[in-house]
Amino acid sequence: MNDLAQCDAIRELITERKIQRLHSRYAQLCDSGYPAQEIADLFTENGIWEARPQGAQYIGRQQIRDHFASADASYPWALHLNVPLQIDVAPNGQSACGSWYLLMPCTDATTGTLASAWLAGRYDNDFVSTDDGWKYSHLRITFGLMTPHLNDWSSDRFDLLTRLNASGPSGRPDDSRHPHQINNSH
């Protein structure tokens, strides 16, 4: 590989990493109460946020901001688990597309009742390089799963931890020692 090809390969890897960080930042913001302005700032001025098959589409930062201003009320707790599939950078290095799988345990309040739920789908996004760094030009999430969880965790997401702490590390109420603690008394 010649020096020019090596430089191009390094530039592409750096671009892929910047795009991965942008998508990770989006997930982090969603999992931190959906701060609407910060999420909208991840998009170009005329960027698009789209959810399929619901047909929801918000065009431009203002509509995206308005959408996320109420997202916390719909999903008061969410954990976006993203699995990267691929990122393809255009030859000119100014645009790219990328795909991720999403698995999202959450508490869903969209029906008026708080319930544990699972959402899963695939992101297929378009990105552009701007003077302010990489931005989404079009974020698409296609859901393949939006379903209640069989056991409700909305009222106590930490039930297992609470029970473990109450019973001691070994799971027995009378055992306060760590199960791997060594008795050095002899």
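Everything numeric here is computed off the predicted structure, so don't read it as measured data. (Residues numbered from 1 in each chain as written. Predicted model: local features only at pLDDT ≥ 70, side-chain atom pairs only at ≥ 80, totals over all residues. Heavy atoms only, no water.)

S.K.: So what's going on with the environment of Ala36? Residues and values would help.
M.R.: Inspection of the secondary structure puts Ala36 in helix 2 (residues 36-40). Taking the C-alpha atoms as reference points, Ala36 and Ala69, separated by 33 residues in sequence, lie 5.1 Å from one another. Beyond its immediate stretch of four places on either side in the chain, Ala36 contacts Arg65, Phe68 and Ala69. (Helix = DSSP H or I, 4+ residues; strand = E, 2+ residues; numbered from the N terminus. Contact = heavy atoms within 4.5 Å.)

S.K.: How would you summarise the side chain of Arg61 if you had to cite specific residues and measurements?
M.R.: Within the secondary structure, Arg61 is located in helix 3 (residues 60-69). Among the polar contacts made by the side chain of Arg61, one reaches the main-chain carbonyl oxygen of Phe43 at a distance of 2.7 Å. The contact partners of Arg61, leaving out residues within four places of it in the chain, are Ala40, Asp41, Phe43, Thr44, Glu45 and Lys135. (Polar contact = N/O pair within 3.5 Å; in protein donor to acceptor, adjacent residues only side chain to side chain.)

S.K.: Quick rundown of the environment of Gln20? Include the residues and the values.
M.R.: Tracing the chain through its elements places Gln20 in helix 1 (residues 3-30). What makes Gln20 buried here is its relative accessible area of 18%. Residues Gln20 and Gly98, spaced 78 residues apart in sequence, show a C-alpha to C-alpha distance of 8.7 Å. Residues within four places of Gln20 in sequence aside, it is in contact with Pro84, Ile87 and Trp100. (Buried < 20%, exposed > 50% of the residue type's maximum accessible area, 1.4 Å probe, protein only.)

S.K.: Please give an account of the layout of surface pockets that cites residues and values.
M.R.: In this approach the atoms are scanned with a rolling probe the size of a water molecule, which exposes any empty space left behind. Estimates place the volume of the largest pocket at around 370 Å³. Listing elements by their share of the lining of the largest pocket, those giving two or more residues are strand 1 (43-52), strand 2 (56-59), helix 3, helix 4 (71-74), strand 5 (95-108), strand 6 (115-130) and strand 7 (133-148). At 3 residues, strand 7 tops the list of elements feeding residues into the lining of the largest pocket. Broken down by class, the residue content of the lining of the largest pocket amounts to 16 nonpolar, 6 polar and no charged. Lining the second largest pocket we find Asp8, Arg11, Glu12, Thr15, Val89, Ala90, Pro91, Asn92, Gly93, Gln94, Ser129 and Trp134. No other element matches the 4 residues that helix 1 contributes to the lining of the second largest pocket. A breakdown of the residues in the lining of the second largest pocket according to their chemical character gives 4 nonpolar, 5 polar and 3 charged. (1 Å grid on protein atoms, 1.4 Å probe; cavity = no way out; pocket = protein on both sides within 12 Å on 5 of 7 lines; lining within 4 Å. Points joined across faces, edges and corners; volume = space filled by probe spheres on them. Nonpolar A, V, L, I, M, F, W, Y, C, P; charged D, E, K, R; others polar.)

S.K.: Break down the pairing of strand 7 for me, with residues and values.
M.R.: Strand direction decides the pairing type here: strand 1 and strand 7, joined by 6 bridges, are parallel. For Arg52, the partnering residue across the bridge sits in strand 7 and is Thr142. As paired elements, strand 6 and strand 7 share 12 bridges and run antiparallel to each other. The residue bridging Trp118 from the neighbouring strand is Thr147, located in strand 7. The turn linking strand 6 back onto strand 7 is made up of 2 residues. (Pairing = 2+ DSSP bridges.)

S.K.: Quick rundown of the side chain of Glu50? Include the residues and the values.
M.R.: Position of Glu50 among the secondary structure elements: in strand 1. Setting aside residues up to four positions removed in sequence, Glu50 forms contacts with Ala56, Gln57, His138, Leu139, Arg140 and Ile141.

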